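Each chain, letter by letter, is given below.
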Amino acid sequence: MIQLNFLNAQVEDTGSGLIVNGRELSDIISAALGTIKRIPGRYDYISEKDKGTPFKSKLCNVSVTIDDRSADITETITFDDKSGVEEITLEEFEKELENEHSQKTQQADPEE
């Protein structure tokens, strides 16, 4: 199994393919598979001596994850109990707490 991970990478795509840290993703994958012996630069090319073993599969899983981390971070709370696992955002949790507090206040005996 081959797994490629790029943390805090500079990524761009102008319509001609994904560029990761200045190199084409397809070239990075080809190098990981061994079909090329080195990853070329942006304006470089692969010569015959840099080609490796061709890759071919009739049954293959391929996964690419694009996870834009520049968006706002969502805070979640996970509850794992006998009834199952529930994940809610911190904002939803705070609203539930407010609702519970207001219901308890309304149910309180006015003479107390």
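See the structure shown above.
About the cut-offs
- Residues numbered from 1 in each chain as written.
- Predicted model: local features only at pLDDT ≥ 70, side-chain atom pairs only at ≥ 80, totals over all residues.
- Heavy atoms only, no water.
- Salt bridge = Lys/Arg side-chain N within 4 Å of Asp/Glu carboxyl O.
- Buried < 20%, exposed > 50% of the residue type's maximum accessible area, 1.4 Å probe, protein only.
- Helix = DSSP H or I, 4+ residues; strand = E, 2+ residues; numbered from the N terminus.
- Pairing = 2+ DSSP bridges.

Attention now moves to the pattern of salt bridges. Overall, the coordinates contain four salt bridges when judged by the stated rule. The salt bridge partner of Lys-51 is Glu-48, with a shortest N-O separation of 3.1 Å. Glu-48 sits in the exposed class, given a relative accessible area of 62%. Residue Glu-91 is joined to Lys-95 by a salt bridge in which the shortest nitrogen-to-oxygen separation is 3.6 Å. Of this pair, Glu-91 and Lys-95 both sit in helix 2 (residues 90–107), four residues apart, which is roughly one turn of that helix. Glu-91 sits in the exposed class, given a relative accessible area of 53%. The partly exposed category is assigned to Lys-95, whose relative accessible area is 49%. Several salt bridges converge on common partners, so that one network encompasses Arg-38, Asp-44 and Asp-50.

This part is about the sheet that holds strand 2 (residues 19–20). Read from one edge of the open sheet, three strands run 1-2-3, paired in antiparallel fashion. Only two strands of the sheet have a single partner each, and these edge strands are strand 1 (11–12) and strand 3 (23–24). Sheet analysis places strand 1 next to strand 2, joined by two bridges and oriented antiparallel. Across the sheet, residue Val-11 finds its bridge partner in strand 2, namely Val-20.

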